[in-house]
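An overview of the molecular structure
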Amino acid sequence: MYSLLALAACSQPGLKACGAGFDHFSFCNHSLPLDQRVWDLVSRIDDSVKPNLLTARGHRMHTGGRQALPKLGVPSYYWGSNCLHSSMFANCTTDGRCSQSFPSNTAWAATFDRRLMRQMAAVVGRETRAGWNLGSWLDDGLNGAGLDCWGPVLNMNRDPRWGRNGEGGAEDPYLMGQLGTAWTRGLQQGDPEIAREAASQYTLVAVTLKHFDANSLEDSDGFTRHTVDVNVSRQLLTDYYWPAFRAPIREAGALGVMCSYNAVNGLPACASPVMKAAREAWGFQGYVTSDTDSVADVWRAHRYKRTAEEASCVALREGGTDVDSGNTYYHSLLSGVRSGRCSISDVDRALFNTFRVRFKLGLFDPKAGNPYWQLGEADIGTAASRALNRHAAAASLVLLQNPTSRRGGGPILPLAPGKRIAVLGPHANATRALIQVDTGKVCASGGFECVTSPLAAFADRNRDAGTAYAEGCDVILMGRQGFSAALAAAEAAEVVVLGLGGTSCGSWGAGRWGKRDNAPRHLHCRPANGTNGMQWAEGEAHDRTSIDLPGEQHALAAAVLALNKPTVLFLLNGGMVSVAEELRHAINPPAVVEAFYPGAEGGEALADALFGRTNRWGKMPYSVYTADWAKTNSMLDHDVQHGLGRTYRYYRGSVPLVTTFGHGLSYTTFELAIGEPRGGWTLSTASATALHVSVVLTNVGPRAGDEVVQAYFAPLSLAAPGVPNHPIKALWGFERVSDLGSGESATVTFSLGARDLQLSDLNGDLVLAPGKYNATFENGAGAVAARTVTLTGERVVAEPFPQPAAPAPQARRAPAASGATSGTSAKRRE
């Protein structure tokens, strides 16, 4: 039997309910239907403690275990374990093995590989569950850990200046939806190739998709993520912002969603009946948590309600926000109930939603029937998961350009060992900078000395010749005092490798585990943009104002390229950085590799790729604009159709994109051809019958490699009344083919139905619009195969815009500030 003292203390990972002495309760009878068991537990909870149980991150030691139910044998539980590309609260095993820190979500998206995404998510889930089973393994003294993973970030990369693009992913809603679906399946169901996970009836860990929705501004132009009110059309919600969340909820049964700080069309996201109706329309059966006290923002920042009591009740009842990551529910929810603003049945429904997740995790059932209780130290930091990490990093690198060397011979890449190499630049010797900021413990010491830098990996691959190093310049600080040493090293070398890119702020300055990492000490997210280099730094609560290559890096690259040596440039960054000057260099264009934040194995993967040991490569998950783009496009404009448009789906500008979505080269050459069906393609809006399209991918180049076949559609002519503002082009499918040998072919099959061509109309309805469409199959490197598709029949509303159960209340808010820009209205920061 659990002692009352133990249950009242802070939560200890690994505890379950229904132990000896408490197993007589009906909610402990695992032969009963799940919902019956959950309601039985809810009915036994005293009203006075219910807000405690709806408070995220509320089990910390200083709270005195306010979330435990000692009389019922239910231990306290921690809501809010971050899982973005690793188990963020992870420690290491007793023998020094640490959990994997995979590439960032942006890099995940660049792989265009659903299976790989799911495998990585399964490792994150498995290591999180193993840590839970090991007691305090995930507890650093301030935070505990639960089995709900707050992640992934599924917000759209609609503006390259957004500070959290490194946590997010792609600019395309279909790709983001597929990433979210793979993440959800991996975290919740594990890896289907592992028998114990494929057969389990329990959830490994519960995903929490964030931040719902239209959340992509931190601190720009006098607005913050707490105050901004995003005004976007219904059409944009269903076409662009919602699909990333809709797919993992509908297709993978996501058990959690986090509502965001911002308001959307006058309604705070956590209090929005529209957002609630959307989730319900998609069949959501999980829990909703606020972002860090975004329930308080309902009345304090957005002024949508006047008091904390009103805000608590409107978030709970109308917004469907079950959990408050803060103290608003804890202090004010019951007073809201007493005043009649919401009812105790509303509170009980939220409790049901949260406890149902905990039941599905198996925390109220015997351990013997749940294989996930058997996970432990042997499942953390395994050789297999580390190999997967390196494979993923290699598959996420994008070869943007690989020109022929001006000194004769073939392309600059791959590099041949045995030549003198100079490795230069502020990211040449990166370790911490390889890893997106939100990570668990990477090395047993708490530092990053176990991470192999690109410099060290290059030197290892080039053991028979000299490898020189010079930093050249800082990531963001001005000053050229290091140029002379860098240019001297380049002069003495046969080949130059430049490590350039952007940088993150926030948790860079001091390591979470008490060790200072190798990031610049000045790198903090200061509140004022544009000072001391912060115009180039991205991070949570901080947007960039410049998308150019930071600091002195352009000047360093120009000086090196002027030497006319074969040069390779690799980039580390989250959101895009413009390297148009380098890509279009008139005299000595370099080979360029986009690496994003490639994770703890990123240095090794970069070296393997550059020296030709691997030929996997990914594709760009977002478009790259010229640096001047930021001067003419407002960060506050969330309407991606507005003006010249944003993203490859809508961009109509006369200035060509530096790099387009989906672009990516290889060391070999591929061709595409459509096999079946032959002739014209016809579909009907009245039929669910799909065309089974076979696309033949042939490797006509000199070596084996991976390739991604991308499927797009483009409306050509639509029958009246048409669909105004439809995308120019839209991704509807993709498949990755691995290790296709020279001279070999592979057939990739796509199922193309009328619903794959659906568009969002001005009302926000998803419609099947008769007309002609162009279906193209591309590899992002010049190979294209196309067919015209005729969609016949009447116009059909495939999915109407979700309607709230009751009309949304009239918003009571302060007048919008003068100077609000298209796409946004909000009160200015005080």
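Since this is a predicted model, take the numbers as computed values, not measurements.

Moving on, we come to the overall build of the protein. Counting secondary structure elements, the protein contains 22 helices and 30 strands. Along the longest, intermediate and shortest principal axes, the C-alpha atoms of the protein span 80 × 65 × 55 Å. Taken across its 830 residues, the protein has 65% of its residues classed as buried. At a minimum sequence separation of 6, the contacts of the protein that also span at least 24 residues come to 78%. Of the roughly 27,600 Å² that the protein leaves accessible, carbon and sulfur atoms contribute 51%. Charged side chains of the protein number 77 positive and 76 negative; the gap between the two group centres comes to 2 Å.

Let's shift gears to helix 13 (residues 328-338). Within helix 13, 8 of the 11 residues are buried, leaving the element largely enclosed by the surrounding structure. Within the span of helix 13, buried status applies to Thr 328, Tyr 329, Ser 332, Leu 333, Leu 334, Ser 335, Gly 336 and Val 337. Buried residues along helix 13 sit in contact with helix 3 (50-53), helix 11 (294-300), helix 12 (308-317) and helix 14 (344-360). Positive phi appears at Gly 340, one or two residues downstream of helix 13, with a value of about 85°.

Counting across every chain of the model gives 6 disulfides. Here Cys 92 connects covalently by a disulfide to Cys 98, the sulfurs 1.9 Å from one another. Residues Cys 92 and Cys 98 are joined through a disulfide that is right-handed, its torsion about the S-S bond being 95°. The pair Cys 92 / Cys 98 is uniform in exposure class, with both members buried. Between the sulfur of Cys 259 and that of Cys 270 lies a disulfide, 2.0 Å long from S to S.

Bringing the pairing of strand 3 (residues 206-212) into the picture now. The buried fraction of strand 3 amounts to 7 of the 7 residues, a majority that puts the element mostly inside the structure. Where strand 3 lies against strand 7 (residues 256-259), 3 bridges are found, and the strand directions are parallel. Looking at strand 7, one finds that Phe 212 is bridged to Cys 259.

Our focus in this paragraph is the sheet that holds strand 21 (residues 691-699). Strand order across the open sheet formed by 3 strands is 19-21-24, with antiparallel pairing between neighbours. The sheet terminates laterally at strand 19 (670-674) and strand 24 (745-752), the two strands that pair on one side only. When strand polarity is set aside, the average angle formed by the axes of neighbouring strands in this sheet is 25°. With 8 bridges joining them, strand 21 and strand 24 adopt antiparallel strand pairing. Bridge pairing in strand 24 places Val 696 opposite Thr 747.

A few words on the nonpolar core. Core analysis: the largest hydrophobic core is formed by 118 residues, its most contacted members being Phe 27, Leu 41, Val 74, Tyr 241, Trp 242, Phe 355 and Phe 364. Ala 555, Leu 571, Tyr 622 and Trp 629 belong to the second-largest nonpolar core, a separate cluster that totals 40 residues.

Backbone-to-backbone hydrogen bonds pair the strands of a sheet. The strands run either parallel or antiparallel. Strand order in the open sheet made by the 5 strands is 20-28-27-22-23, with mixed pairing throughout. Only two strands of the sheet have a single neighbouring strand rather than two, namely strand 20 (681-684) and strand 23 (730-740). On average, adjacent strands in this sheet sit at an angle of 25° to one another, irrespective of strand direction. In the sheet, strand 20 pairs with strand 28 (residues 784-792) via 4 bridges, with the strands oriented parallel. By the bridge assignment for strand 28, Ser 684 is matched with Thr 792.

Most of strand 22 (residues 705-718) sits inside the fold, with 11 of its 14 residues counted as buried. Inspection of the sheet shows strand 22 paired to strand 23 by 8 bridges, in the antiparallel sense. Pairing of Tyr 712 across the sheet is with Leu 731, part of strand 23. Of the strand pairs in this sheet, strand 22 and strand 27 (residues 771-778) are connected by 8 bridges, and their pairing is antiparallel.

Here the distance between the centres and the angle between the planes together describe a pair of aromatic rings. Under the definition given, this model contains 31 aromatic pairs. Each ring, one from Tyr 77 and one from Trp 132, has its centre 6.1 Å from the other, and the planes form 50°; the classification is tilted. Of this pair, Tyr 77 sits in the loop between helix 3 and strand 1 (81-82) while Trp 132 sits in helix 5 (residues 114-133); the two residues are 55 residues apart in sequence, bridging distant segments of the chain. For Trp 132, a relative accessible area of 2% translates into the label buried.

So, about unusual backbone geometry. Following Leu 413, the chain continues to Pro 414 via a peptide bond in cis, the omega torsion being 0°. Position of Pro 414 among the secondary structure elements: in the loop between strand 11 (398-401) and strand 12 (421-424). A cis geometry characterises the amide bond from Ala 720 onward to Pro 721, with omega recorded as 10°. Tracing the chain through its elements places Pro 721 in the loop between strand 22 and strand 23.

Attention now goes to helix 14. Relative to the 24 Å expected for 17 residues at 1.5 Å per residue, helix 14 spans 24 Å between its end C-alpha atoms, a close match to the ideal helical length. For helix 14, the buried fraction is high: 12 of the 17 residues fall into the buried class. Looking only at helix 14, the buried set comprises Val 347, Asp 348, Ala 350, Leu 351, Phe 352, Asn 353, Thr 354, Phe 355, Arg 356, Val 357, Arg 358 and Phe 359. Its buried side turned inward, helix 14 meets helix 2 (34-43), helix 3, strand 3, strand 10 (287-290), helix 12 and helix 13. Looking one or two places after helix 14, you find Gly 362, whose phi comes out positive at around 85°.

For the rest of this paragraph, the subject is the pattern of salt bridges. Under the criterion given, the structure shown has 37 salt bridges. The shortest N-O distance in the salt bridge between Lys 50 and Asp 47 comes to 2.7 Å. Between Glu 601 and Arg 386 there is a salt bridge; the shortest N-O distance is 2.7 Å. You can see Glu 601 sitting in the loop between strand 18 (591-594) and helix 20 (602-610) and its partner Arg 386 sitting in helix 15 (residues 383-396), a full 215 residues away along the chain. What makes Glu 601 buried here is its relative accessible area of 5%. In this structure, a network of salt bridges that share partners links the residues Arg 386, Arg 390, Asp 460, Arg 461, Arg 463, Glu 601, Glu 604 and Asp 608.

Mean pLDDT for the protein: 90, with 90% of residues reaching 70 or above. Counting interchain partners and residues more than four positions distant, the pLDDT-below-50 stretch residues 507-524 has 50 contacts. Across residues 807-830, where pLDDT falls below 50, the model places 62 contacts with residues more than four positions away in sequence or in other chains.

Right, let's talk about the layout of surface pockets for a bit. Of the volumes computed, that of the largest pocket is approximately 690 Å³. Along the wall of the largest pocket there are 24 residues; nearest its centre are Tyr 174, Arg 246, Arg 755, Asp 756 and Gln 758. Within the residue set of the lining of the largest pocket, elements represented by two or more residues are helix 6 (173-189), helix 8 (234-241), helix 9 (243-252), strand 23 and strand 25 (759-760). Per-element tally for the lining of the largest pocket: the top contributor is helix 9, with 5 residues. A class-by-class count of the residues in the lining of the largest pocket yields 11 nonpolar, 5 polar and 8 charged. Within this model, the second largest pocket holds a volume of roughly 470 Å³. Surrounding the second largest pocket, 19 residues form its lining, Lys 276, Glu 280, Asp 322, Arg 349 and Asn 353 being those nearest its centre.

About the criteria used
- Residues numbered from 1 in each chain as written.
- Predicted model: local features only at pLDDT ≥ 70, side-chain atom pairs only at ≥ 80, totals over all residues.
- Heavy atoms only, no water.
- Helix = DSSP H or I, 4+ residues; strand = E, 2+ residues; numbered from the N terminus.
- Buried < 20%, exposed > 50% of the residue type's maximum accessible area, 1.4 Å probe, protein only.
- Contact = heavy atoms within 4.5 Å.
- Areas by Shrake-Rupley, 256 points an atom, 1.4 Å probe, with all protein chains shown as cover.
- Lys, Arg positive; Asp, Glu negative; His and termini not counted.
- Charge placed at Lys NZ, Arg CZ, Asp CG, Glu CD.
- Disulfide = S-S within 2.5 Å.
- Pairing = 2+ DSSP bridges.
- Axes fitted to C-alpha atoms, helices over the stretch in contact; angles between N-to-C directions.
- Core = buried A, V, L, I, M, F, W, Y, C linked by side-chain atoms within 4.5 Å.
- Phe/Tyr/Trp six-rings, centres within 6.5 Å; stacked < 30°, edge-to-face > 60°.
- Expected span 1.5 Å × (residues − 1).
- Salt bridge = Lys/Arg side-chain N within 4 Å of Asp/Glu carboxyl O.
- pLDDT = per-residue confidence, 0-100.
- 1 Å grid on protein atoms, 1.4 Å probe; cavity = no way out; pocket = protein on both sides within 12 Å on 5 of 7 lines; lining within 4 Å.
- Points joined across faces, edges and corners; volume = space filled by probe spheres on them.
- Nonpolar A, V, L, I, M, F, W, Y, C, P; charged D, E, K, R; others polar.

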